[in-house]
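These are the residues of each chain, in order.
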Amino acid sequence: MEDSDTAGDGAAAQVAELADRLTAARITATSPRNIARAVYDGHGRAISLELRPGAKLQHSPESMSEMITAALQAADRAVDALRQHAYDDVRVAGDTIGNWRRHPADPGAAVAAAFGTQG
Amino acid sequence: MSSILASLPVDLRAAAADLYAKVIVVAWEAEETLAISFKILRETRGKPELLDSGSELLDRSVAAEIIAARDEIGAAGARFTGSWTGGGAESFNTYLPKLLAVIESMEESALTTAEAVRLFRQALDDLWQRVVERTWNTGAEVTAAVAQAGGNQAVAVALVLGIVDRYAAHVSGIAGALINLANNQYKAGEKLGEVAALPGVADLGDPRLPVPTDQAANPSWSDADRKDNWRPGGELRMDTEAMATMVAAFRNNGTYWGSAARHQAEAADAHLTPGAFGIGVDFYADVHAVMARDRRLYRDADARMDSVAGSLSEIGELYGMIDEDTTSSFNKQMDDQ
């Protein structure tokens, strides 16, 4: 069992490390037909938005807007999923936060374990 | 909130303050939920130092007094047994070991009650460590959630409120489980159940000591009484000093029983209070039922010892009247009847 006095600090350290990894991460999302390509870092900050060469000659401004919006929305979803996954994996007291969320501790079981109940 | 935090046990206070500080900068709406949870936990903890001092009183004072009572009667009885022959002696000699066994069972009741209280205290300690750990972990979960939300305040608030709600549900669940602890289905309750049925001195009845036919305030002992009760056969003999020691042991016993009862009442009233047990109020009630029963047994034992001492004293006085110099003539008189 992790020392409870340091559990919070342990999480903070992991979160800080995770933040560095997310800063270095690159999430790329493309629009349909690969016309627009958005690149974000793991925090959801935009790094770049690229258009396929010649695309603006082949598509109307309205169509180009739709493609770019689609690329940005896909990137947002990907960033959210990455961040959720990354923070769920933060480990505190021998388990991940994601597991806590999925399987919350049963208070009755805690009392039973402490008191040695026979059920 | 600061007053609530200040009222918490030190170990939870640190974890609770950490959690509160992390939550409140993101979701002020959670303050009341946290405050309620912390108050529930404060009550859950009970007062372990009172459980310690109460169980120590039962161990070191109550049981010790009963042991002293038993030792004095046992020592006097060891000397007395065999020093008295005749009617009544046999009955008394049969009664004495049963009496000592009953006194021993009262010692065991005090010791077992103390042990049950200690088991309850240990269980509370165990549970408390889990609660404190859970509180630290919840603070860590908030840290991660805030980081996960990035700069999106709305997302952060929703995540943190969810975490606080789960924490509050966990705390409520623990309180509910404590309140609903089933009787005798946990270690401390099971241990206490071992003394649920306890024989008292009264259950032994009285030794069939010689008594005069006339039970008036100034009873007269007729020759027939003496013959029928004291000497159904064999020779009449008594070590009157051993008798005096035996009588004194029974009379002195009141001091021990009185002291045991006082210490036990002190343990019940000043140490093993409802608040000492936290939310586990049913166990408190069970402990007090056992202790009230035992105090009645102490009072009853005290009265019974006095009664036996009175009978023995009366017999001793009569034997004293016919001590060594007159025993042979007394026996002759009895034989002549």
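These numbers come from a predicted model, not from an experiment.

J.: Looking at this structure, how should I read the overall build of chain A?
T.: Regarding its fold elements, chain A presents five helices and five strands. Mapped from its N terminus to its C terminus, chain A presents α and β elements in the order α-β-β-β-α-α-β-β-α-α. For a compact globule of 119 residues, the expected C-alpha radius of gyration is about 14 Å, and chain A comes in at 22 Å, more than 25% above that figure. Projected onto its principal axes, the C-alpha positions of chain A cover 75 × 30 × 15 Å.

J.: Where do I start with the overall build of chain B in this structure?
T.: In terms of helices and strands, chain B carries eleven helices and two strands. Secondary structure elements of chain B occur, N-terminal to C-terminal, as α-α-α-α-β-α-α-α-α-β-α-α-α. Residue burial in chain B is summarised as follows: out of 337 residues, 51% are buried. Partitioning the intrachain contacts of chain B with sequence separation of at least 6 by distance along the chain shows that 86% fall at a separation of at least 24. Carbon and sulfur atoms form 51% of the exposed surface of chain B, whose accessible area is close to 14500 Å².

J.: What's the story with the pairing of strand 1 (residues 26–30) of chain A in this structure? I'm lost.
T.: In the case of a regular strand, side chains alternate between the two sheet surfaces. Residue and element names in this part refer to chain A. Residue alternation in strand 1 divides its side chains into a buried set, Ile27 and Ala29, and an unburied set, Arg26, Thr28 and Thr30. Judged from the five bridges that link them, strand 1 and strand 2 (residues 36–41) form a sheet pairing that is antiparallel. Note that in strand 2 the partner of Ala29 across the bridge is Ala38. Hairpin connection, strand 1 to strand 2: the antiparallel pair is bridged by five residues, and Arg33 has positive phi, about 65 degrees.

J.: Would you mind showing me how to read the packing of helix 3 (residues 61–88) of chain A against helix 5 (residues 89–149) of chain B here?
T.: Packed helices, taken two at a time, are described by the angle their axes make and the gap between the axes. Direction vectors running N to C along helix 3 of chain A and helix 5 of chain B enclose 165 degrees, while the axes themselves pass 10 Å from each other. In this view, helix 3 of chain A runs roughly antiparallel relative to helix 5 of chain B, as classed from their interaxial angle. The two elements helix 3 of chain A and helix 5 of chain B meet at a crossing, and its hand is right-handed. Where helix 3 of chain A approaches helix 5 of chain B, its residues A:Arg83, A:Gln84 and A:Tyr87 are matched on the opposing element by B:Ala144, B:Ala147, B:Gln148 and B:Ala149.

J.: Where do I start with the nonpolar core in this structure?
T.: For soluble globular proteins, the rule of thumb is that nonpolar side chains tend to be buried together. Ranked by internal contacts, the top residues of the largest apolar core, which has 98 residues, are A:Phe115, B:Phe38, B:Met246 and B:Phe250. Counting residues per element, this core draws most heavily on helix 5 of chain B, at 23 residues. Not counting the four nearest positions on each side in its chain, B:Phe38 is found in contact with B:Met1, B:Ile4, B:Leu5, B:Leu8, B:Ala16, B:Leu19 and B:Tyr167. Of all hydrophobic cores here, the second largest spans 13 residues; its members include A:Ala11, A:Leu22, A:Tyr87 and A:Trp100.

J.: What's the story with the layout of surface pockets in this structure? I'm lost.
T.: With a probe scaled to a water molecule rolled over the atoms, the places where space remains empty come into view. Here the largest pocket is characterised by a volume of approximately 520 Å³. Lining the largest pocket we find 24 residues, and of these A:Ala105, B:Arg130, B:Arg134, B:Asn137 and B:His170 sit closest to its centre. Those elements giving two or more residues to the lining of the largest pocket turn out to be helix 4 (97–102) and helix 5 (107–115) of chain A together with helix 5 and helix 6 (153–179) of chain B. Broken down by element, the residue count for the lining of the largest pocket peaks at nine residues, all from helix 5 of chain B. Looking at the lining of the largest pocket residue by residue, the class counts come to eleven nonpolar, five polar and eight charged. What lines the second largest pocket is a set of 14 residues, among which A:Val79, A:Asp80, A:Arg83, B:Gln148 and B:Ala149 lie closest to the centre. Sorting the residues of the lining of the second largest pocket by element identifies helix 3 of chain A together with helix 5 of chain B as the ones contributing at least two each. It is helix 3 of chain A that provides the largest number of residues to the lining of the second largest pocket, a total of five residues. Classifying every residue of the lining of the second largest pocket by side-chain character gives four nonpolar, seven polar and three charged.

J.: When you look at the packing of aromatic side chains in this model, what are you seeing that I'm missing?
T.: Working definition: an aromatic ring pair is given by the centre-to-centre distance plus the angle between the planes. Inspection of the entire model under this criterion finds nine aromatic pairs over all chains. Here the aromatic residues A:Phe115, B:Phe120, B:Tyr186, B:Phe277, B:Phe283 and B:Tyr284 are joined through ring pairs into a cluster of three or more.

J.: It is not clear to me how the pairing of strand 2 of chain A should be interpreted in this structure. Could you clarify?
T.: All names here are of chain A. Among the six residues in strand 2, five count as buried, and that is most of the element. Looking at chain direction, strand 2 and strand 3 (residues 46–51) are connected through five bridges and run antiparallel. By the bridge assignment, Arg37 is partnered in strand 3 with Glu50. Hairpin geometry of strand 2 and strand 3 is characterised by an intervening segment of four residues between the two adjacent antiparallel strands and by a positive phi of about 90 degrees at Gly44.

J.: When you look at the sheet that holds strand 3 of chain A in this model, what are you seeing that I'm missing?
T.: All names here are of chain A. Ordered in space as 1-2-3, the three strands form an open sheet in which the pairing is antiparallel. Where the open sheet ends on each side, the last strands, each with one partner, are strand 1 and strand 3. Here the average twist between neighbouring strands, direction ignored, is 15 degrees. Packing of helix 3 onto the sheet brings it into contact with strand 1, strand 2 and strand 3, and relative to strand 2 it is tilted by some 30 degrees.

The rules behind these values
- Residues numbered from 1 in each chain as written.
- Chains lettered and ligands numbered in written order.
- Predicted model: local features only at pLDDT ≥ 70, side-chain atom pairs only at ≥ 80, totals over all residues.
- Heavy atoms only, no water.
- Helix = DSSP H or I, 4+ residues; strand = E, 2+ residues; numbered from the N terminus.
- Rg over C-alpha atoms; globule rule 2.2 N^0.38 Å.
- Buried < 20%, exposed > 50% of the residue type's maximum accessible area, 1.4 Å probe, protein only.
- Contact = heavy atoms within 4.5 Å.
- Areas by Shrake-Rupley, 256 points an atom, 1.4 Å probe, with all protein chains shown as cover.
- Pairing = 2+ DSSP bridges.
- Axes fitted to C-alpha atoms, helices over the stretch in contact; angles between N-to-C directions.
- Parallel < 35°, antiparallel > 145°, perpendicular 65-115°, else oblique.
- Left-handed = near helix turned anticlockwise from the far one by under 90°.
- Core = buried A, V, L, I, M, F, W, Y, C linked by side-chain atoms within 4.5 Å.
- 1 Å grid on protein atoms, 1.4 Å probe; cavity = no way out; pocket = protein on both sides within 12 Å on 5 of 7 lines; lining within 4 Å.
- Points joined across faces, edges and corners; volume = space filled by probe spheres on them.
- Nonpolar A, V, L, I, M, F, W, Y, C, P; charged D, E, K, R; others polar.
- Phe/Tyr/Trp six-rings, centres within 6.5 Å; stacked < 30°, edge-to-face > 60°.

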